[in-house]
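Spelled out, the chains give:
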Amino acid sequence: MTVLHSASPPLVPVRERPIITAARTIWGLDPVALHHRFWAAHGIQVVRQGEPSEIIPHAELFLLTDPRSLVLFKMISVIDVLNWLKPQVLFLRLHDRREKGYREKVITDEHNRFLRFQRLYDGSEDLRLARAVLTPDQEIAKLWQSASDPLSGWRRLRDYTPQNDRSTLSIEGSAFDRSTDREIARFLRDLTANWQHPDSTITRAELFHRQVWKDPESTIDPNARFVGPVWVGAGRQIDGGTTIVGPAIIWDDPDSRPRTEEIQWLNIEPRDVDKELERESQRTHSFKDINLFGSIFKRTFDIVFSLIVLIMTGWLYPLIILLIWLEDGRPFFFTHRRQTAGGDDFPCIKFRSMQKDAERQKEHLREKNEVDGPQFYIAHDPRLTRMGKLLRKYNLDELPQFINVLLGHMSVVGPRPSPQTENQYCPPWRDARLSVRPGITGLWQIHRTRRSGSDFQEWIKYDIEYVENRSWRLDLWIIYKTVTQIFRKVSRS
């Protein structure tokens, strides 16, 4: 998501000042105003130094931050402390552990046509420690707001509040620097991905479909396709056949930018702490269950299943190796660098099904590519050997990948393993698929239609669908469908 950010006057939480014309907005709100609205949906008013805004008596809590920070964290992390200790001042230490710093570079050809994205890392781990404060006291909020700088603000809070009325809590959260475009882009990405109901404080936000929110003055064709959360601004038109991968924001048309509306604090549904705690706890436990599935059950299943397959198919290895040797000699195996979870490279092992100089020939066959996107496919690939055609037909060339599963490079089920050059084409899709291990089979492999012009879109759709819905039931269903497809091929022969 590309964000253009320009300096603007301070924003008032109740009546945001008019946005400077050069700034990008969604539903009439710039990123700082969106930050105010997000926390207002929790009954929390954001208070910063230098912003002469009215302290709202209807707010349940006040979030005190320094002028440059946009902070995000889950309220489940602090509800227990607020509910039981009831501190006047709760100091929050936000541990912001993100990926090591990187930037995206657009690679083009000699005609300046887009080829791919390239992610460039700075080589250092990005570990940050930011601070914020939660308080229910209006006077403390005013004290913070009138401070000349953050340092004097912290001192005021400590001097004004008795020690037994203060608590400190370290939690995981994110603090974004609103003065840089890159940080605001990251903030918007996280906000779009995690704010499920922006309509709670933004009256112009209308639910179009699942995670897609639109402005009343925007038009979306029913045939447009969305993957992940997407926000569509005023004056925008999304045509049929368009595919948008989220998290994404389609900004307001500058000529159709709506006027900002006041936050209706009295109309915000009151936060019931007990219900919020229960709801957040359910989500947290669900997330932990997914992690437990991924780290223990799934890995155990992968090892056991791979051992069984390798034992059952072990007799095929010398036979396949002999046939490859008789037709085309060595090597018997082909390894290609692919990326696993976290973007680490590994050698993906297959039985060699193509001629020895297949990679060199590939450059001369580019114009015959039959699929869109970064992948390369020709139905009757001239590089295939006779034995290779047989191996590909029954997926026997992929049997050595179970060795990759045993080594922890892959899972039995997951997104298709791809090299770094393919993963650069769509950053949101890449980030999702690299959050899990790639698989020998997956949703895309069993649903792929190879329709002209839609193969890459299907790849994105099914990869993200698997990552968002992965479970042991889904894995077993995918394995069942894969096995039935292989047996169907055998029976037809």
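Definitions and limits used
Residues numbered from 1 in each chain as written. Predicted model: local features only at pLDDT ≥ 70, side-chain atom pairs only at ≥ 80, totals over all residues. Heavy atoms only, no water. Helix = DSSP H or I, 4+ residues; strand = E, 2+ residues; numbered from the N terminus. Buried < 20%, exposed > 50% of the residue type's maximum accessible area, 1.4 Å probe, protein only. Contact = heavy atoms within 4.5 Å. Areas by Shrake-Rupley, 256 points an atom, 1.4 Å probe, with all protein chains shown as cover. Phe/Tyr/Trp six-rings, centres within 6.5 Å; stacked < 30°, edge-to-face > 60°. Salt bridge = Lys/Arg side-chain N within 4 Å of Asp/Glu carboxyl O. Core = buried A, V, L, I, M, F, W, Y, C linked by side-chain atoms within 4.5 Å. Pairing = 2+ DSSP bridges. Patch = residues over 30% accessible without salt bridge, like charges linked within 9 Å, V, L, I, M, F, W, Y side chains within 5 Å. pLDDT = per-residue confidence, 0-100. Axes fitted to C-alpha atoms, helices over the stretch in contact; angles between N-to-C directions. Left-handed = near helix turned anticlockwise from the far one by under 90°. Nonpolar A, V, L, I, M, F, W, Y, C, P; charged D, E, K, R; others polar.

Chemist: I keep staring at the overall build of the protein and nothing clicks. Help me out?
Modeler: Across its full length, the protein carries 15 helices and 20 strands. Split into buried and exposed, the 493 residues of the protein put 48% on the buried side. Counting only contacts in the protein whose residues sit at least 6 apart along the sequence, the fraction spanning at least 24 positions is 63%. Looking at the protein as shown, the accessible area adds up to about 25600 Å², and 53% of this sits on carbon and sulfur atoms.

Chemist: Just checking my understanding: could you explain the packing of aromatic side chains for this structure?
Modeler: Here the distance between the centres and the angle between the planes together describe a pair of aromatic rings. Under the defined criterion, the tally for this structure stands at 14 aromatic pairs. Centre to centre, the rings of Trp27 and Trp231 are 5.0 Å apart; their planes meet at 35°, and the pair counts as tilted. Here Trp27 is found in the segment before helix 1 (31-40), whereas its partner Trp231 is found in strand 13 (residues 230-232), with 204 residues between them in sequence. Judged on exposure class, the residue Trp27 and its partner Trp231 are both buried.

Chemist: Is there a simple way to think about the pattern of salt bridges in this case?
Modeler: Pairs can form between side chains of opposite charge whenever their charged atoms are close. Per the stated rule, a full pass over the model turns up twelve salt bridges. Arg204 is paired through a salt bridge with Asp215; the nearest N and O atoms lie 2.7 Å apart. Separated by eleven residues along the polypeptide, Arg204 in the loop between helix 5 (181-194) and strand 9 (206-209) and Asp215 in the loop between strand 10 (212-214) and strand 11 (219-220) bring together distant segments of the chain. The pair formed by Arg204 and Asp215 is uniform in burial state, with each residue classed as buried. In this structure, Arg360 engages Asp357 in a salt bridge whose closest nitrogen and oxygen atoms are separated by 2.5 Å. Residue classification places Arg360 among the exposed positions, given a relative accessible area of 51%.

Chemist: In this structure, what is going on with the nonpolar core? I would like to understand it.
Modeler: Nonpolar side chains tend toward joint burial in soluble globular proteins. With 43 residues, the main nonpolar core has Trp39, Phe73 and Val78 as its most contacted residues. Looking at this core element by element, the count peaks at five residues for helix 1. Not counting residues within four places of it along the chain, the set of residues in contact with Trp39 comprises Ile44, Val46, Leu63, Val71, Leu72, Phe73 and Met75. Among the nonpolar cores identified, the runner-up in size contains 34 residues, and Leu316, Met387, Leu443 and Ile464 belong to it.

Chemist: For this particular structure, what's the right way to read the pairing of strand 3 (residues 69-73)?
Modeler: Remark: a regular strand shows side chains that alternate across the two faces of the sheet. For strand 3, the tally of buried residues reaches five of five residues, placing the bulk of the element in the interior. Burial along strand 3 is two-sided: Ser69, Val71 and Phe73 facing one way and Leu70 and Leu72 facing the other are all buried. Two elements, strand 3 and strand 8 (residues 166-177), share five bridges in a ladder whose sense is antiparallel. By the bridge assignment, Val71 is partnered in strand 8 with Ala175.

Chemist: Would you take a moment to explain the pairing of strand 18 (residues 345-351) for this structure?
Modeler: Burial analysis of strand 18 places five of its seven residues in the buried class, which makes it a mostly covered element. Pairing geometry for strand 17 (residues 333-339) and strand 18, over seven bridges, is antiparallel. Looking across to strand 18, one finds that Arg337 is bridged to Pro347.

Chemist: Would you explain helix 2 (residues 76-84) in this entry?
Modeler: Every buried residue of helix 2 is listed here: Ile76, Val78, Ile79, Val81 and Leu82. Backbone geometry just downstream of helix 2 places Lys86 in the positive-phi region, at approximately 50°.

Chemist: Mind showing me how you'd approach a nonpolar patch on the surface here?
Modeler: Together, Trp315, Leu319, Leu322, Leu323, Trp325 and Leu326 make up an exposed nonpolar region whose accessible area comes to about 650 Å². The topology assignment puts Leu326 in helix 7 (residues 316-328). The class of Leu326 is exposed, set by a relative accessible area of 58%.

Chemist: I would appreciate a short explanation of the confidence of the model for the protein in the present structure.
Modeler: Any residue range with low pLDDT should be treated as having predicted coordinates unsuitable for detailed reading. The predicted model of the protein has a mean per-residue pLDDT of 81, with 82% of residues at 70 or higher. Per-element confidence in the protein ranges from a low mean pLDDT of 62 for strand 6 (residues 114-121) to a high of 95 for helix 10 (residues 401-406). Here residues 270-278 scores under 50 on pLDDT; set against residues more than four positions off or in separate chains, the count is 14 contacts. Across residues 284-289, confidence stays below pLDDT 50; counting only partners more than four residues off in sequence or on other chains, it has one contact.

Chemist: I keep staring at the packing of helix 1 against helix 5 and nothing clicks. Help me out?
Modeler: Packed helices, taken two at a time, are described by the angle between their axes plus the distance between the axes. Between helix 1 and helix 5, the shortest axis-to-axis distance is 11 Å and the interhelical angle comes to 35°. For the element pair helix 1 and helix 5, the recorded crossing hand is left-handed. From helix 1, Pro31, Leu34, His35 and Phe38 reach across to helix 5, where they touch Ile184, Phe187, Leu188 and Leu191. Considering only residue class, the contact of helix 1 with helix 5 consists of seven nonpolar, one polar and no charged.

Chemist: Which parts of the structure should I look at to understand the sheet that holds strand 9?
Modeler: As a general point, the strands of a sheet are linked pairwise by backbone hydrogen bonds and lie either parallel or antiparallel. With mixed pairing, four strands are arranged side by side in an open sheet as 9-10-13-16. Of all strands in the sheet, those with a lone pairing partner are strand 9 and strand 16 (248-250), marking the two edges. Within this sheet the neighbouring strands show an average axis-to-axis angle of 20°, counted without direction.

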